[in-house]
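Architecture and fold: a report
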Amino acid sequence: MTVYLDYNATSPLCASAIQAMNDGMQWVGNPSSVHAYGRKSRQEIERARQDIANSLGVSSQRVIFTSGATEANNMALVHFPGRVLVSAIEHDSVRFVRPDALMIPVTNDGVVDLQALENLLAAPYDGPTLISVMAAHNETGVIQPLADIVALAKQYKACVHSDCVQGVGRFYFPWETLSMMSLSAHKIGGPAGVGCLIIHPDWPLNAFLKGGGQERSLRPGTENMIGIMGMAAALRQSRHQDWSQTNRLRISMEKALLTLSPDSNVIGQQAIRLPNTILITMPGVKSETQVMNFDLQGFAVSSGSACSSGKVRLSPSLQAMGVPKAEQETALRVSLNHTTSEDEVESFIQVWSQIYERCSKRSHFEQDDNLVILTNIKRVDNHGALNLT
Ligand code: PMP
């Protein structure tokens, strides 16, 4: 059985989402139909909307269901009638939406540079301003200073949108203080293909899809009732999760890996980070080689964001942080769940040590795109012990 340590890419459905979706599957009915079947579907959607609003401390009118965070991010930014400021480490679904957006730089630890943001806000501009900064970074796990950003925005009468995909359910923040936020169900134990945008109460949003009148005409199309029910249940469950043990595991894992390979670098190490995410370099061993070797040894990890895996490209976020190219090319992301056990982490550390020992000896990426097969390491047994032949 492969140990899954790629929870920032996607997470398994949690028990309450499965239950809610099973309930939804027993039912048929277009929520726009006036008959009893339709009314029941409408009721389920409105119940889920209220539930999500309660979880986030916002009013239910602000919840607009979408196909996920990509759509929500696009929706938030695409038609904003004014100046848009986005951080240099945003997900592509924010970065690519407004080519006219001004870039907010980040520090070497991947934290938004608040002074630079203030300088941008202070520049004369006649019209509304929207700041878009994610809650936490999908690759580094670095948590952004949203409270400071909200305070600055208030001072300069700007609005704040946040891509909260990796933040909600993992740390507490008064989410209701944001003007807009994007959520994705599949990162919090709900299904993929559903998410929402929390809009500003009197937001001049234009729909970028044309069609029916669903979601107050802001997002036309028959609602994904089953997905929406799963998302609401997952969000409710995520509020009760305790990440303190995961945080301890993550910190001890970092220490162990840095002891094994003192030349490794934990990217964003000095910043406040998510309890579950480590982005660490393995000097001399390309990220893809690491991912393939870990896969062979029964561990699912990632070389960066899932959206860019498959295509080998350097991370724009790491570039914006000024991470040297050699480190970008050797970075591995390990993302835990609150269910990840100490045994799993211990086994991972042992396999890390073996892969590092073997692969780093091949100097300067001579292994290149070839898979390095670790023939003399057998699988880790259930108790986390390594069998060497
Ligand atoms: N933003 C961030 C920070 C993400 O990690 C992701 C998923 N990789 C997205 C947006 C896109 O979310 P979705 O898959 O729901 O479109």
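From a predicted model like this one, the values you see are computed outputs, not experimental measurements.

**What about the side chain of serine 60?**
With respect to the helices, strands and loops of the structure, serine 60 is situated in the loop between α2 (36-56) and β2 (63-66). Side chain to side chain, serine 60 and glutamine 50 meet in a polar contact 3.4 Å long. In this view, serine 60 contacts Arg49, Gln50 and Ala53; residues no more than four positions away in its chain are not counted.

**Details of the domain arrangement of the protein**
Parsing the protein into structural domains produces domain 1 (3-7 + 243-371) and domain 2 (15-238). The centre of domain 1, based on its C-alpha atoms, is set 29 Å off from the matching centre of domain 2. If you look at the interface, domain 1 gives 25 residues, while domain 2 gives 23 residues. Both faces combined, the contact of domain 1 with domain 2 buries some 2000 Å², and carbon together with sulfur accounts for 54% of it. It is Leu274, Ser317 and Met321 in domain 1 that bury the most area against domain 2; as a group they hold 29% of the surface buried on that side. Inspection of the region where domain 1 meets domain 2 yields 0 salt bridges. Applying the counting criterion to the domain 1 and domain 2 interface returns 9 residue pairs in polar contact (both at pLDDT 80 or more). Of all the secondary-structure elements, those providing two or more residues to the side of domain 1 that touches domain 2 are β9 (277-281) and α10 (316-320). For the side of domain 1 that touches domain 2, the element with the highest residue contribution is α10, accounting for 4 residues.

**Focus: the packing of aromatic side chains**
The relation between two aromatic rings is expressed through the spacing of the ring centres and the mutual angle of the planes. Applying the stated criterion to the full structure yields 6 aromatic pairs. Linked through ring pairs, Phe171, Phe173 and Trp175 together constitute an aromatic cluster. Here the guanidinium or amino end of lysine 40 rests over the ring plane of tryptophan 27, the centre of that ring lying 5.3 Å away.

Each value, and the rule that gives it
Residues numbered from 1 in each chain as written. Predicted model: local features only at pLDDT ≥ 70, side-chain atom pairs only at ≥ 80, totals over all residues. Heavy atoms only, no water. Helix = DSSP H or I, 4+ residues; strand = E, 2+ residues; numbered from the N terminus. Polar contact = N/O pair within 3.5 Å; in protein donor to acceptor, adjacent residues only side chain to side chain. Contact = heavy atoms within 4.5 Å. Domains from an automatic or database assignment. Buried area = accessible area lost by both parts, 1.4 Å probe. Salt bridge = Lys/Arg side-chain N within 4 Å of Asp/Glu carboxyl O. Phe/Tyr/Trp six-rings, centres within 6.5 Å; stacked < 30°, edge-to-face > 60°. Lys NZ or Arg CZ within 6 Å of the ring centre and 35° of its normal.

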